[in-house]
Amino acid sequence: MIMMFGDAATMYETQSADYIKDMMTFMHGFYDELVQSGELVVAEGLVDSTQAKTVRIQNGLPVATDGPFAETKESLIGFWIVDVENEARAIELTSKVVACIQQPVELRRVGDAPPQE
């Protein structure tokens, strides 16, 4: 899973319109590349964390509050799940995203199913 973290509001405040346009062009091209190679499982962009809800149990009842779970400025903003031949290919793909956005991108293997008894 290739995960991008960020904050859309901050990006719009700090990045130029050209950067945002170029980044979106890259994202569409990257998506197309993954589809054409047959490596894409699923990809989604998420709404900004200001629209997130966190649900907790309080006094035995679920309670939803505004905001993401973590107290952080950046949260998961989009992801791709890819099915690649090996870790080297996953790193190669992730490196393309990093080169475009000039920010760290997290790469993590999707866990296996729990063991069967």
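The structure displayed is predicted, hence computed values, not measured ones.

**Topic: the side chain of Arg 89**
Relative to the elements of secondary structure, Arg 89 occurs in helix 3 (residues 87–101). The exposure class assigned to Arg 89 is buried, which follows from its relative accessible area of 18%. Not counting chain neighbours up to four residues away, the residues in contact with Arg 89 comprise Glu 33, Glu 39 and Val 84.

**Points about the packing of helix 2 (residues 17–37) against helix 3**
At their nearest, the axes of helix 2 and helix 3 sit 9 Å apart, and the two run at 160 degrees to each other. It follows from the interaxial angle that helix 2 and helix 3 lie roughly antiparallel. Relative to helix 3, the crossing made by helix 2 is right-handed. In this structure, helix 2 uses Tyr 19, Met 23, Phe 26, Met 27, Phe 30, Glu 33 and Leu 34 to contact helix 3, whose residues at the interface are Arg 89, Leu 93, Lys 96, Val 97, Cys 100 and Ile 101.

**Things to note about the sheet that holds strand 2 (residues 40–45)**
Ordered by their spatial adjacency, four strands build an open sheet running 2-5-1-6, and the pairing between neighbours is antiparallel. Strand pairing shows two members of the sheet lacking a second neighbour, strand 2 and strand 6 (106–107), which therefore form its edges. For strand 1 (residues 2–6) and strand 6, the ladder comprises two bridges, and the chain directions are antiparallel. Counterpart to Met 3 in the pairing with strand 6 is Glu 106. Across the sheet, helix 3 lies against strand 1, strand 5 (75–82) and strand 6, angled at about 20 degrees from strand 1, the strand it touches most.

**Examining the layout of surface pockets**
Here the largest pocket defines a volume of roughly 820 Å³. In terms of lining, the largest pocket is formed by 30 residues, of which the most central are Met 4, Met 11, Met 23, Met 27 and Ile 77. Only strand 1, helix 1 (8–14), helix 2, strand 2 and strand 5 provide two or more residues apiece to the lining of the largest pocket. Considering only residue class, the lining of the largest pocket consists of 17 nonpolar, eight polar and five charged.

**Some thoughts on the environment of Trp 80**
Relative to the helices and strands, Trp 80 resides in strand 5. In sequence terms Trp 80 and Tyr 19 are 61 residues apart; their C-alpha atoms lie 21 Å from each other. Residues contacting Trp 80, with those up to four places away along its chain left out, are Met 1, Ile 2, Met 4, Met 27, Phe 30, Leu 34, Leu 40, Val 42, Ala 43 and Val 97.

**Topic: helix 2**
Across its 21 residues, helix 2 extends 30 Å between first and last C-alpha, which sits within 8% of the 30 Å expected from 1.5 Å per residue. Looking at helix 2, one finds that the buried residues are Ile 20, Met 23, Met 27, Phe 30 and Leu 34. Seen from one end, helix 2 has its buried residues packed into an arc of 85 degrees, which puts them on one side. Exposed side chains of helix 2 directed beyond 90 degrees from the buried face belong to Ala 17, Asp 18, Lys 21, Asp 22, Thr 25, His 28 and Gln 36. Phi turns positive, to about 80 degrees, at Gly 38, one or two residues after helix 2.

Cut-offs and rules
Residues numbered from 1 in each chain as written. Predicted model: local features only at pLDDT ≥ 70, side-chain atom pairs only at ≥ 80, totals over all residues. Heavy atoms only, no water. Helix = DSSP H or I, 4+ residues; strand = E, 2+ residues; numbered from the N terminus. Buried < 20%, exposed > 50% of the residue type's maximum accessible area, 1.4 Å probe, protein only. Contact = heavy atoms within 4.5 Å. Axes fitted to C-alpha atoms, helices over the stretch in contact; angles between N-to-C directions. Parallel < 35°, antiparallel > 145°, perpendicular 65-115°, else oblique. Left-handed = near helix turned anticlockwise from the far one by under 90°. Pairing = 2+ DSSP bridges. 1 Å grid on protein atoms, 1.4 Å probe; cavity = no way out; pocket = protein on both sides within 12 Å on 5 of 7 lines; lining within 4 Å. Points joined across faces, edges and corners; volume = space filled by probe spheres on them. Nonpolar A, V, L, I, M, F, W, Y, C, P; charged D, E, K, R; others polar. Expected span 1.5 Å × (residues − 1). Arc of directions from axis to C-beta.

Keep in mind that these numbers describe shape and distance, not what the molecule does.
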